[in-house]
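# What the coordinates show
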Amino acid sequence: MKKKTDLTQKEFDILLAWLDPDREQAARKYQTLHSGLIQIFTLRGCSSAEDLADETINRVARKVITLAGTYVGDPAKYFFGVAKKIYLESHREKTTQIESEGVIPDVPQDDVEPEYDCLERCLDALPPDSKQFILQYYREEKQAMINARKVVGLELNLSPTALRVRAHRIRKTLEACIRECLEQLG
Amino acid sequence: MSQQPDEQGLIRGYLLGELDEAGQERLEVLLLTDEAYVERVALAQDELVDEYVFGTLSEYDREQFEKNYLTAPERHQKLRIARALDKYLAAHAVTALARPEDAPRMWKARLLQFLNAYKLKLASALTVVVLVALGYGLWVFINNRWLEARLAAPPEQIVAVERELARLNEPEGDAFPPGRPLPNDAAVLSLKPFRLRDAGELRRVTIEGEAHILQLRLVLAADDYPNYRALVKTEDGKQFTVDGLHSRPVGDDKVVVLRLPAGILRTGDNEVRLFGLTPATQTREVGLYPFQVINRALP
């Protein structure tokens, strides 16, 4: 993968204008595209999702000058097409590396001692009400999942969306903290 | 942000690698146009990983998860973090909800954190700490004396009530079996265990002048124990223990029936904590059942 190059201000302005004539709306669409691209590459199992997302945006931005007058349709689909191409390129590189180095895909380990230590630290760093919420939420969710499997025909009773979203956001904060902690531990 | 069951199935299928390429691409384009969708997919990932860790995935889904989801180092790490969280929950099995008696320790910790964060000079920091500690100590002393006064009751009264509770809840004497019409002197309230998601749900009973007994039907989330113990906390701060309770089926639910003399329940907030008893006489809390009483029989 080539080293990413930053967009110039002019290229960035042209890209935003292509996304939407209203600059604020364009900025929002840009943010959504960027986070969506990272999510796609992550979900497809790519290890450097942010770099690939940036590369996608860079390639589209360089094409926009010629695209703007001729392209018809949702820009998001064009972004997706470029992302797909970049994914295939990176996948080919990764497959070649695996074949040449004989790397066996990682198998999950049972020992989670480093993660556990970092989790304790990161839980203590949370505000007390967030810590209490997340622990109680997962304690109850685990029991609910186990019960759902025991009872045949039980109607799915999903927790309110707001609870799930809150739990997910706290967990995202926790995971980021744990990853940083693990990096510090080496 | 709402999520329909079929959308959830679609996201799940995507994560498990079950969608065809067209389906996969339709979903991924949505990720580029709908920021809320990004969060919904991330949330579904959390739940899928949790199901794998909790062992509640079907065998087929588990195979798909291992084959199609665990394909990147970041996902293995997410799985290890989820395992660490599960391990933590198991190690802290008894509920760690903040109790009033924990408040002093939490406030002290917060105060110390505040002082450190602002790096006050040692002399002035110590002065502030000493002054605050003195004031706080005085507050705790006064508060504890007040609590003791509230909880104090002549021992013989507690014994008499617990004797009455034992009589009302004798296993053989099922005076009010569920399904049969209740006598006029009994009020009934069915309660599910309190969950965060149920906050705001009405859990109230009115005891009229002629009712001498309140029958609580405590719905069990899971019936894992041969015996149960109930710890009843009344509005005026008294606590009573009832042992020898058992579960029974009522409709589609399993419930523990608990009968309380109406005379011990004043108007206000009361609660029952239910504990399961293992054969080795260890206890595990299985549910908290708060409820409100309006008791017209008492002044």
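Everything here concerns the structure above.
These lines cover the structure that appears in this document, whether it is placed above or below. Please read these numbers as outputs of a predicted model, since none were measured by experiment.

## Looking at the packing of helix α2 (residues 23-43) of chain A against helix α3 (residues 49-67) of chain A
Geometrically, a packed helix pair is captured by the angle between its two axes and the distance between the axes. Residue and element names in this part refer to chain A. The contact between α2 and α3 brings their axes to 8 Å, and the two run at 130°. Looking at the two axes, α2 sits oblique to α3. Every pair of crossing elements has a handedness; the one defined by α2 and α3 is right-handed. Every residue of α3 that contacts α2 at Tyr30, His34, Leu37, Ile38, Phe41 and Thr42 is listed here: Ala49, Glu50, Leu52, Ala53, Asp54, Thr56 and Ile57. Of the residues assigned to the contact of α2 with α3, the class counts are eight nonpolar, three polar and two charged.

## Notes on the interface of chain A and chain B
On the side of chain B, 67 residues touch chain A, which itself brings 66 residues to the contact. Between chain A and chain B, a total of about 6000 Å² is buried, with carbon and sulfur atoms accounting for 58% of that surface. The salt bridge partner of Lys84 of chain A is Glu25 of chain B, with a shortest N-O separation of 2.4 Å. Where chain A touches chain B, the interface holds 16 residue pairs in polar contact (both at pLDDT 80 or more). For the side of chain A that touches chain B, the secondary structure elements donating two or more residues are α2, α4 (75-101), α5 (113-125), α6 (128-150) and α7 (161-185) of chain A. At 18 residues, the largest contribution of residues to the side of chain A that touches chain B is made by α6 of chain A. In terms of residue class, the side of chain A that touches chain B is made up of 26 nonpolar, 17 polar and 23 charged.

## Quick word on the sheet that holds strand β7 (residues 253-261) of chain B
Pairing between the strands of a sheet comes from backbone hydrogen bonds, and it takes one of two forms, parallel or antiparallel. All names here are of chain B. With respect to topology, four strands assemble into an open sheet ordered β1-β3-β7-β6, the strand pairing being mixed. Each edge of the sheet is formed by a strand with only one pairing partner; in this case those strands are β1 (186-191) and β6 (247-250). Put simply, the sheet's adjacent strands are angled 35° from each other on average, direction ignored.

## Quick look at the side chain of Asn270 of chain B
Residue and element names in this part refer to chain B. With respect to the element layout, Asn270 can be found in strand β8 (residues 268-277). Looking at Asn270, the relative accessible area reads 4%, which means it is buried. Only 3.2 Å separates the side chain of Asn270 from the backbone oxygen of Gly268, close enough to count as a polar contact. For Asn270, the contacting residues outside a window of four places in its chain are Lys233, Thr234, Glu235, Leu265, Tyr289, Pro290, Phe291 and Val293.

## A short note on the pairing of strand β4 (residues 227-233) of chain B
All names here are of chain B. Only one face of β4 is buried, namely the one carrying Tyr228, Ala230 and Val232, since none of Asn227, Arg229, Leu231 and Lys233 on the opposite face is buried. Bridge analysis of β4 against β8 gives seven bridges, and the strand direction is antiparallel. Note that in β8 the partner of Val232 across the bridge is Val272. Here β4 folds back onto strand β5 (residues 239-245) in antiparallel fashion, the turn holding five residues, of which Gly237 has a positive phi close to 90°.

Rules of the game
- Residues numbered from 1 in each chain as written.
- Chains lettered and ligands numbered in written order.
- Predicted model: local features only at pLDDT ≥ 70, side-chain atom pairs only at ≥ 80, totals over all residues.
- Heavy atoms only, no water.
- Axes fitted to C-alpha atoms, helices over the stretch in contact; angles between N-to-C directions.
- Helix = DSSP H or I, 4+ residues; strand = E, 2+ residues; numbered from the N terminus.
- Parallel < 35°, antiparallel > 145°, perpendicular 65-115°, else oblique.
- Left-handed = near helix turned anticlockwise from the far one by under 90°.
- Contact = heavy atoms within 4.5 Å.
- Nonpolar A, V, L, I, M, F, W, Y, C, P; charged D, E, K, R; others polar.
- Buried area = accessible area lost by both parts, 1.4 Å probe.
- Salt bridge = Lys/Arg side-chain N within 4 Å of Asp/Glu carboxyl O.
- Polar contact = N/O pair within 3.5 Å; in protein donor to acceptor, adjacent residues only side chain to side chain.
- Pairing = 2+ DSSP bridges.
- Buried < 20%, exposed > 50% of the residue type's maximum accessible area, 1.4 Å probe, protein only.

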